[in-house]
Structures are given as structure tokens and as C-alpha cells.
Amino acid sequence: MKNLIIYLTFIPWYLYFQSACKNALKDLNKNKITKTWIKKNFMNIFHFDNLILFAIFTFFSKNYPNANQIWLVEILLFTVINLFLYLNRFYDKNNSKDKLEIKDISIALIILLLTLIPIVFYVSTRNYLVTYYVLFGYSFFNYVIVFISKLIYELLIKIIRRK
């Protein structure tokens, strides 16, 4: 039962992460990545308000590891944080309204493969706490993950065109 609940907690995280990645992908498609663009959009790339929520989760998980129901608190806190972040995306003024293109589907598949890494880690180790920390890292660095996925896509296209 505990494992089923943990698997269910991945759903709000995935909703938030895919929403953030979709926005990042639209943003990266519109703009050329330069140092000046990164400086100008640094607060849009890295949402430091999310760090406060991640710090609250870390506080409870590190300071109360021997509490009777800490696993329940961690699971609920992880779920509520990600649900809040997902719902908050609808009110984000930096949320892009552009449509995704056909080539973006390939990049989205690469992102999906990268997001399976922490899930596979959880399935193999059953260590939900480390998995949650990794998922928070994915959420915070979503622009970086999208950028890496775009680079992988472009590299694959170059390799395919050579052959």
C-alpha cells in the first residue's frame, strides 16, 4: 500500500514538471541562448521561490527522521508542494502562450526518457526520499534538462542526416 501511495505522488510532480518543461521549451524555441539572455532571464529560468518549498521539505525530512509518521508527512508534503507548484503555473505571468511545434514532440520524448531515470531508481531501490530530492532537482533545473534534451535531439538529427 505504501508503494502505491508513493507511485501516486509522482503524478503531481509529473504534471508540474511537464508544464514547466513545456514552457521552457517554448521559451527556448523563441530565444537564442546567450549570456545576456541568461542574465536577463535568470529569475525566470531558476524559480528561487521553489527553493523555499524544497527547503521546508528538507527541514522536515532531515530534522525529524525518527518521527512515527515522518514517511506520511514527507509523502504528503511532496505531493502538496508539487500540486501547489502546478496550480501556480496557471497564474505565472511568464507562462508562454505559444503552441508547440512538431519537432518539439521528439524533444518531449527525450525529456520523458530523462524523467524515467528517477522513477527507475525508485523502482530498483525503493528509496523514496532520495527519489523525491532528485525530482525536486529536476523541477528546479527544468530549463537545463530541456536545453540538454534539445542538444541531444539536434545531435541525433545530425547523425541521422550523415547516414
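Residues numbered from 1 in each chain as written. Predicted model: local features only at pLDDT ≥ 70, side-chain atom pairs only at ≥ 80, totals over all residues. Heavy atoms only, no water.

S.K.: How should I be thinking about the packing of aromatic side chains in this particular structure?
M.R.: Geometrically, a pair of aromatic rings is defined through the distance of the ring centres and the angle of the planes. Applying the stated rule across the entire model yields 27 aromatic pairs. Ring centres of Phe-46 and Phe-48 lie 6.5 Å apart, and the angle between their planes is 50°; on these two criteria the pair is classed as tilted. The class of Phe-46 is buried, set by a relative accessible area of 14%. Given a relative accessible area of 33%, Phe-48 falls into the partly exposed group. Between Phe-59 and Tyr-64, the ring centres sit 6.0 Å apart and the planes meet at 80°, which makes this aromatic pair edge-to-face. Of the aromatic side chains, those joined through ring pairs into one cluster are Tyr-7, Phe-10, Phe-54, Phe-57, Phe-78, Tyr-122, Tyr-128, Tyr-132, Tyr-133 and Phe-136. (Phe/Tyr/Trp six-rings, centres within 6.5 Å; stacked < 30°, edge-to-face > 60°. Buried < 20%, exposed > 50% of the residue type's maximum accessible area, 1.4 Å probe, protein only.)

S.K.: What is the right way to look at the confidence of the model for the chain in this model?
M.R.: Parts of the prediction with low pLDDT should not have their coordinates interpreted in detail. Residues with a pLDDT of 70 or more make up 99% of the chain, whose mean pLDDT is 89. Across the chain, the secondary-structure element scoring lowest on mean pLDDT is helix α3 (residues 42–45), at 84, and the one scoring highest is helix α7 (residues 128–140), at 94. (pLDDT = per-residue confidence, 0-100. Helix = DSSP H or I, 4+ residues; strand = E, 2+ residues; numbered from the N terminus.)

S.K.: Whenever I open this one, the side chain of Arg-89 confuses me. Can you help?
M.R.: By secondary structure assignment, the location of Arg-89 is in helix α5 (residues 70–89). Judged by relative accessible area, Arg-89 falls into the buried class, the value being 6%. Leaving out residues up to four positions away in the same chain, Arg-89 has contacts with Tyr-16, Ser-19, Ala-20, Asn-23, His-47 and Asn-95. (Contact = heavy atoms within 4.5 Å.)

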